[in-house]
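# Coordinate inspection notes
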Amino acid sequence: MEKLAVIGSGTMGHSIALNASWHGMDVRMYATNEEDIRRAEQGIVQKLRNMSDNGLFSMVEASAIQDKIDISDQLETVVDGATFVIEAIPENLELKQQFYSRLEELIGQEAIIASNTSGLQPTDLASGLRHPGRFVVTHFWNPAHLVPLVEVVGGKQTSDATIERAMELMNAMQKKPIVVKQEIQGFIGNRLQYALFREAQALLDAGVAEKEDIDAAVTYSIGRRLPVTGPLMSADFGGLDVFKSISDYLFSDLSTLKASGKTLDSLAGSGKLGVKSGEGFYDWSGNHSEEIAAERENMLIRFLKDDERKG
C-alpha cells in the first residue's frame, strides 16, 4: 500500500484524505497554519457525522476513520517517507510549480507527485521537475469523498508505471478512475459539464424558458438516466439511427458561444457569485443553500450505497 500524503486541507484536500482513511489508509495532510487545521478537522467531523447518520458506518467507526488522518503544518513531517503525494492547493500554475520544486527536495525519486487540478495540463505542471516521469494528474470531483470519479491524466513524459500506480491507488480508495489518454483542456468530465452549461446559458439568455424550468428539464429527464447510462450508452438504447438523425439537424442550431453568456457576465460582474455571496442565478438568502447541499450529499450517499450493493 502506498504511503499517502495530501497537500492542502481545504474542501478538496480534506475530502480526499477522508476518502483514503475511510478505506483503511493512514494519511498525512498538510495545512498551512493552525486555523486551517481547525477548519479541516471541523469539516472532517461534519462529513463523518453525516455519513454515519446515513448508515455508511457507526460513530465508533467514524472515530477510527478520523484517527487515521494526521494533520500538520510541517511539510517535512507530512511528506517524510511518502510514496504518493496528492497536491490540492490553489489553481495557479506558477504556485504549483514552485511547490513541486520544493517537494522534490523532500521526497524520494520513486515517490509519485499527483495534482488534483481540474484543468491545468500535466505537461505544463511538470515542466520544472527533475523527474517528470513520476508526475500525474488525479482529478477528484467535489465532494471528493462521495463522488466516485477520478480522472487520471498523464503528461508527455509521465511513465506508464506512474499511471498504473495512480490507478491502483484510486481503486484501493474505492474510486471509479478513468484514464484520459490525451492532454485536453477540461479533461473529460468538465468538457461534458460545460457543454451542458453553455447550452443552458444560451437558452436562458434567449428567453426560451425560466431558469427553474431549464434546470428541471435536466433533473427530471436526462438527470434521472445518466447515473445508469452515460451519453454514449444512452444513444445505444435510444437507437443510433435516431440519435444520428437528431444530431444531423440539431448540432448546427446548438450554442457556439466562445465565452460566458450575457446573464452570467452580468451576475459575476456585479458580485452575484452564487451560494458564497448569497445570490447568483438563484436567491440563496436564508438556509436554502444548506438544505439543497444536504439533499445533494444525501443523494450521493444513496448512490454510493447502491454501488456497494452492486459490488
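Whatever comes next refers back to the structure up there.
A brief report on the enclosed structure follows.

Definitions and limits used
Residues numbered from 1 in each chain as written. Predicted model: local features only at pLDDT ≥ 70, side-chain atom pairs only at ≥ 80, totals over all residues. Heavy atoms only, no water. Phe/Tyr/Trp six-rings, centres within 6.5 Å; stacked < 30°, edge-to-face > 60°. Buried < 20%, exposed > 50% of the residue type's maximum accessible area, 1.4 Å probe, protein only. Lys NZ or Arg CZ within 6 Å of the ring centre and 35° of its normal. Axes fitted to C-alpha atoms, helices over the stretch in contact; angles between N-to-C directions. Helix = DSSP H or I, 4+ residues; strand = E, 2+ residues; numbered from the N terminus. Parallel < 35°, antiparallel > 145°, perpendicular 65-115°, else oblique. Contact = heavy atoms within 4.5 Å. Nonpolar A, V, L, I, M, F, W, Y, C, P; charged D, E, K, R; others polar. Polar contact = N/O pair within 3.5 Å; in protein donor to acceptor, adjacent residues only side chain to side chain. Expected span 1.5 Å × (residues − 1). Pairing = 2+ DSSP bridges. Lys, Arg positive; Asp, Glu negative; His and termini not counted. Salt bridge = Lys/Arg side-chain N within 4 Å of Asp/Glu carboxyl O.

Turning next to the packing of aromatic side chains. How two aromatic rings sit relative to each other is given by the distance of their centres and the angle of their planes. Going through the model one piece at a time under the given rule, you end up with 6 aromatic pairs. Centre to centre, the rings of Phe99 and Tyr100 are 6.2 Å apart; their planes meet at 65°, and the pair counts as edge-to-face. The exposure class of Tyr100 is buried, given its relative accessible area of 1%. The lysine or arginine in question, Lys211, covers the ring of Tyr282, its NZ or CZ lying 5.4 Å from the ring centre.

It is worth spelling out the packing of helix H10 (residues 231–238) against helix H11 (residues 240–250) at this point. Orientation of H10 relative to H11, taken along the N-to-C sense of each, is 115°, at an axis distance of 6 Å. Taken together, H10 and H11 sit at an angle that is classed as roughly perpendicular. Seen from H10, the contacting residues are Ser234, Ala235, Asp236 and Gly238; seen from H11, they are Leu240, Val242 and Phe243. Among the residues forming the contact of H10 with H11, the class breakdown is 4 nonpolar, 2 polar and 1 charged.

A word on the side chain of Ser15. Assignment of secondary structure puts Ser15 in helix H1 (residues 11–22). A polar atom in the side chain of Ser15 sits 2.8 Å from the backbone oxygen of Thr11.

Between its first and last C-alpha atoms helix H2 (residues 34–53) spans 29 Å; for 20 residues at 1.5 Å apiece the expected length is 28 Å, and the two agree. The complete set of buried residues in H2 reads Asp36, Ile37, Ala40, Gly43, Ile44, Lys47, Leu48, Asn50, Met51 and Ser52. Looking at the buried positions of H2, the neighbouring elements they touch are H1, strand E2 (27–30), helix H3 (59–67), strand E3 (69–72) and helix H13 (288–310). At the N-terminal end of H2, a side-chain oxygen is found 3.1 Å from the backbone nitrogen of Glu35, two or three residues along, and the residue is Asn33.

Here the focus is the sheet that holds E2. What the 8 strands build is an open sheet, ordered E3-E2-E1-E4-E5-E6-E7-E8; its pairing is mixed. A strand with exactly one partner marks an edge of an open sheet, and here the two such strands are E3 and strand E8 (176–180). Strand-to-strand, the axes of this sheet are offset by a mean angle of 25°, without reference to chain direction. Two strands pair when backbone bridges link them, and strand E1 (residues 4–7) and strand E4 (residues 84–87) are joined in this way by 4 bridges, in the parallel orientation. Looking across to E4, one finds that Ile7 is bridged to Glu87. Along the sheet face, helix H5 (residues 93–104) touches E1, E4, strand E5 (112–115) and strand E6 (135–140) and points at about 160° away from the line of E5.

Cis geometry is adopted by the peptide bond preceding Pro143, which originates at Asn142 and carries an omega value of -5°. Within the secondary structure, Pro143 sits in the loop between E6 and strand E7 (149–154). Although it is not a glycine, Gln174 adopts a positive phi angle of roughly 60°. For Gln174, the location among the structural elements is in the loop between helix H7 (160–172) and E8. Classification of Gln174 by relative accessible area gives exposed; the value is 52%. Within the chain, Phe187 stands out as a residue other than glycine whose phi angle is a positive 55°. For Phe187, the position within the fold is in the loop between E8 and helix H8 (189–205). On the basis of relative accessibility, which here comes to 0%, the residue Phe187 falls in the buried class.

Following the sequence through the fold, Asp205 ends up in helix H8. Buried within the structure, Asp205 lacks any salt-bridge partner; its nearest side chain of opposite charge belongs to Lys262, at an N-O separation of 5.8 Å. Of note is the side chain of Asp205, whose polar atom sits 3.0 Å from the backbone nitrogen of Lys262. A distance of 2.4 Å separates polar atoms of two side chains, one belonging to Asp205 and the other to Thr263. Once residues lying within four places of it in the same chain are set aside, the contact partners of Asp205 are Gly261, Lys262 and Thr263.

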